[in-house]
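# Survey of secondary and tertiary structure
Next come the chains, spelled out residue by residue.
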Amino acid sequence: MSNVELRFNPTQDQEFELEGGAKYNFVRHKERIDRLVAEGRYAEACEARYEAFMILAEALPEDEPMPLRWGHANSRAAITVLYGSAVDHFRIGDLEMAMAQLELLMDCDPEDHFEGVNLLALCYIATDEWDAYDDLVIDLTDKSSEAVVARLWAGLRRDGRLDAALVKLLVSRHKAYYEELTAEEHPDDEAFRRDISSERPSQRAEAREWWLLTEPLWSEFPEFVSSLRATQA
C-alpha cells in the first residue's frame, strides 16, 4: 500500500513494525477507546474499536500474513484493538465476524498474547467448523483453563459425551472454572469488579470474567453446562 502515513518496517525477527500517522496511529485509537470505556460509553467504544479494526484490515496485505512486533507500541495497540473488537462481536453472538477477526489476530500476533486461540476454538465448535478446529487443537494446552473447557465441549458436541479424563483435569487443575461453569449464579457485583481490576486477580474472578464473556454460548448450548453439573453427583 502506497501511503506516506503508513509503513510496515521489517525487523530482524521477520516481524513488522506498523508505523503510522493520522488514522494509522493505533496508539491514539486505543487511547480514545480507553477513555470511552472509562466514561462508561461502551457502545461508542465498541464502534470505535470496529472502526479501528476496519482501518487495520484495509491496511494489511490480503495475500500474506503480516506478523506485527508486540514490543512496538503502535503495532501492539493495533493488535489490542483487533482482539477487543473480536471480543465485542463474540459477546453479541456475531461468531462469523469474531472468527474472521480472531483468524486475522493469529496472523498478526503469532505468539498469541491474548490467547485468542481459545476463543477461536469456541467459535469453530459452535459453528461446526471441525476441520478448522482440528487444525488448531494442538494449541489448546492442558495449562489453559479455557483450552480445557473448549476441548471438553468439542468432545460433547462430536461424541455426545464428556471426556472423563478432561473432566478430571478441569476439576483438579482448573477448579475455579469448573465451579463457575456449574454454579447457579454468576454475580457481576462490586466484589467481583474490585477483584478482577486488582493487580493480581484471583482465579475465581478470572473464571467469572470468562463466564460473563462466554455466557451467550452456554445459553444457546445449555447441554454443556447441564452435562458438567451432572458430574457433580
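Residues numbered from 1 in each chain as written. Predicted model: local features only at pLDDT ≥ 70, side-chain atom pairs only at ≥ 80, totals over all residues. Heavy atoms only, no water.

### Describing the overall build of the protein chain
From N to C terminus, the protein chain includes twelve helices and two strands. Listing each helix as α and each strand as β along the protein chain from the N terminus yields β-β-α-α-α-α-α-α-α-α-α-α-α-α. Computed over C-alpha atoms, the radius of gyration of the protein chain comes to 19 Å, within 12% of the 17 Å expected from 2.2 N^0.38 for 233 residues, which places it in the range of a compact globule. By principal-axis analysis of the C-alpha atoms, the protein chain measures approximately 65 × 40 × 30 Å. Out of the 233 residues in the protein chain, the part that is buried amounts to 44%. The contacts of the protein chain with a sequence gap of at least 6 include a subset with a gap of at least 24, amounting to 60%. For the protein chain, the accessible area works out to roughly 12,700 Å², and carbon and sulfur atoms hold 46% of it. If the 25 positive side-chain charges of the protein chain are averaged to one point and the 48 negative ones to another, these points end up 6 Å apart. (Helix = DSSP H or I, 4+ residues; strand = E, 2+ residues; numbered from the N terminus. Rg over C-alpha atoms; globule rule 2.2 N^0.38 Å. Buried < 20%, exposed > 50% of the residue type's maximum accessible area, 1.4 Å probe, protein only. Contact = heavy atoms within 4.5 Å. Areas by Shrake-Rupley, 256 points an atom, 1.4 Å probe, with all protein chains shown as cover. Lys, Arg positive; Asp, Glu negative; His and termini not counted. Charge placed at Lys NZ, Arg CZ, Asp CG, Glu CD.)

### With respect to the side chain of Asn-118
By secondary structure assignment, the location of Asn-118 is in helix α5 (residues 116-126). A distance of 3.2 Å separates polar atoms of two side chains, one belonging to Asn-118 and the other to Ser-144. If we skip the residues at most four places from it in the chain, Asn-118 touches Leu-140, Ser-144, Glu-146 and Ala-147. (Polar contact = N/O pair within 3.5 Å; in protein donor to acceptor, adjacent residues only side chain to side chain.)

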